[in-house]
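# A closer look at the structure
One letter stands for each residue in the lines below.
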Amino acid sequence: MTNTDRVILHSDMNSFYASVEMMLDPSLQGKPVAVCGSTESRHGIVLAKSIPAKKAGVKTGMVNWEARQRCPNLIVVPPQYDQYMKYSKLAREIYGRYTDLIEPFGMDECWLDVSKSMYGYSTPHELADSIRQSTKDELGLTVSIGISFNKVFAKLGSDMKKPDAITEIPQEHFKELIWPLPADEMIYVGRSTIKKLNYMGYHTIGDVAQADPEVLGRMLGINGLAIWQNANGMDLSRVADMNYTPPIKSIGHGITCVSDLENKEEVWKVILELSQDIGHRLRVHELTAQGVQVMVRGNDLGFQQYQCQLPVRTQLPSEIAAMTYRLFEERYPWNIKVRAVCVRAINLVSKDTPEQYDLFFDNTRHEKLDRIQNAVEDIRERYGKRALTYGSLLGDIKMPDDGRHIVKMPNIMYQ
């Protein structure tokens, strides 16, 4: 199918977290509302804001105290991730009435390919309006929908007019609609990329589209050519089927601690706790890790990242934690205290993939540890994650426990 034949929608739920909170509590309607992480657990930033809060100068990612300075009458509410997941799923069920080609992009956005499923609607705009109205009537939430001939421009369209709006970018008029816009409004053009583009004199999408692709390639690598193609309307990427699950390239778990980690023992406890979740997810997906990676963020908000190969593939949390801690101990300079830690299992392969051990590897011990971990997993499945744990992990290990770790973004794998 060529771009000319395609009808792609991008549906973006407006101020999603804040909108859900206002729908659940109607007394918040029309007021400046911000969904914020906990200041006490050091996640005190704005996650979402209502339209009145936005007009007062509140921005997503702003720290709580600054948001209150911008808007003294700001109403701050804590996040309810279970509710956001619930309404995200309900919205996708509405989309599923129109097509089975639904590709989530986070919790509140989806691409829909309706090229072959117009179902008697005379125009794509009419179909999009049906989705918009159904979402408002049934969920009490509004969406902005972009309509175009590819995914990149459909997403751009959903950002152009908010809230509760539809914007169409037809192929025959995309240059006059899109090219005058700033280049960083296009998906996949982040802060680092836009700095390089602006330095070279490319400020608008039209500037990028009319640039020499070879120059962009030398400046930005393969991403430079992709951006040039997107700016010229050449994006041919397909919308995935709603049941498609992308291959898992890595499995990670990270946390910002409630207070700084001041010594190696405190870091070890956090690494060991994070590795429990990673080992469990490796077993669920029947994968083993060939390497580990650790990202450490200091209290100056800078971060360092290290990785290494494991001597033997594993699913065992104890082995993942031991190698991660060894990596941290050898590489981290300890010139500043640790604010956040992320552990990641990398280079994943199926647990059934054959492996050649070296002559001195104690396979009997490894199999024994694996059987013990299987028993631990069985007990935790029946009685809960905390039914069986390490004694060293009891008490305060400076990790928040507000449930954010159980939230899995739809169709977004941790790369």
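This section reports on the structure supplied with the text. Keep in mind the model is a prediction, meaning the values are calculated, not measured.

### Overview of the overall build of the protein chain
When helices and strands are counted, the protein chain shows 14 helices and 12 strands. By the compact-globule yardstick of 22 Å for 415 residues, the protein chain fits well, its C-alpha radius of gyration being 24 Å. With the principal axes as the frame, the protein chain shows a C-alpha extent of 70 × 50 × 45 Å. Residue burial in the protein chain is summarised as follows: out of 415 residues, 48% are buried. Put simply, 67% of the contacts in the protein chain that link residues at least 6 apart link residues at least 24 apart. Each charge class in the protein chain can be summarised by its mean position, and for the 49 positive and 52 negative side chains these summaries are 3 Å apart.

### Quick notes on the sheet that holds strand S11 (residues 303–314)
The four strands are arranged S9-S12-S10-S11 in an open sheet whose pairing can be described as antiparallel. Looking at the sheet topology across the chains shown, the edges are occupied by strand S9 (251–261) and S11. If you compare each strand with its neighbour and ignore which way they point, the axes differ by 15 degrees on average. Of the pairings in the sheet, the one linking S9 to strand S12 (residues 338–350) comprises seven bridges and is antiparallel in character. Of the residues in S12, the one forming a bridge with His-253 is Val-343. Of the strands in this sheet, strand S10 (287–298), S11 and S12 are in contact with helix H13 (residues 317–331), which crosses S11 at around 140 degrees.

### With respect to empty space enclosed by the protein
Enumeration according to the criterion identifies two cavities of 30 Å³ or more in this entry. Roughly 40 Å³ of internal volume is contained in the largest cavity. If you go around the largest cavity, the residues you meet are Ser-11, Met-13, Ser-88, Ala-91, Arg-92, Tyr-95, Met-107, Asp-108, Glu-109 and Cys-110. Within the residue set of the lining of the largest cavity, elements represented by two or more residues are strand S1 (8–13), helix H4 (81–95) and strand S6 (109–113). Among the elements that line the lining of the largest cavity, the one with the most residues is H4, at four residues. Its residues placed into classes, the lining of the largest cavity shows five nonpolar, two polar and three charged. When its volume is computed, the second largest cavity comes out at roughly 30 Å³. Here the residues of the lining of the second largest cavity are counted per class, giving no nonpolar, two polar and four charged.

### Topic: the side chain of Thr-324
You can see Thr-324 is positioned in helix H13. The exposure class assigned to Thr-324 is buried, which follows from its relative accessible area of 0%. Engagement of the side chain of Thr-324 in a polar contact is seen with the backbone oxygen of Ile-320, the distance being 2.7 Å. Those residues in contact with Thr-324 that sit more than four places away from it in its chain are Ile-271, Val-292, Val-294 and Val-343.

### Quick notes on helix H12 (residues 264–284)
Between its first and last C-alpha, H12 extends 30 Å over 21 residues, near the 30 Å set by a 1.5 Å rise per residue. Sitting at the head of H12, Asn-263 places a side-chain oxygen 3.2 Å from the backbone nitrogen of Glu-265. At the C-terminal side of H12, Glu-286 shows a positive phi close to 55 degrees.

About the criteria used
- Residues numbered from 1 in each chain as written.
- Predicted model: local features only at pLDDT ≥ 70, side-chain atom pairs only at ≥ 80, totals over all residues.
- Heavy atoms only, no water.
- Helix = DSSP H or I, 4+ residues; strand = E, 2+ residues; numbered from the N terminus.
- Rg over C-alpha atoms; globule rule 2.2 N^0.38 Å.
- Buried < 20%, exposed > 50% of the residue type's maximum accessible area, 1.4 Å probe, protein only.
- Contact = heavy atoms within 4.5 Å.
- Lys, Arg positive; Asp, Glu negative; His and termini not counted.
- Charge placed at Lys NZ, Arg CZ, Asp CG, Glu CD.
- Pairing = 2+ DSSP bridges.
- Axes fitted to C-alpha atoms, helices over the stretch in contact; angles between N-to-C directions.
- 1 Å grid on protein atoms, 1.4 Å probe; cavity = no way out; pocket = protein on both sides within 12 Å on 5 of 7 lines; lining within 4 Å.
- Points joined across faces, edges and corners; volume = space filled by probe spheres on them.
- Nonpolar A, V, L, I, M, F, W, Y, C, P; charged D, E, K, R; others polar.
- Polar contact = N/O pair within 3.5 Å; in protein donor to acceptor, adjacent residues only side chain to side chain.
- Expected span 1.5 Å × (residues − 1).

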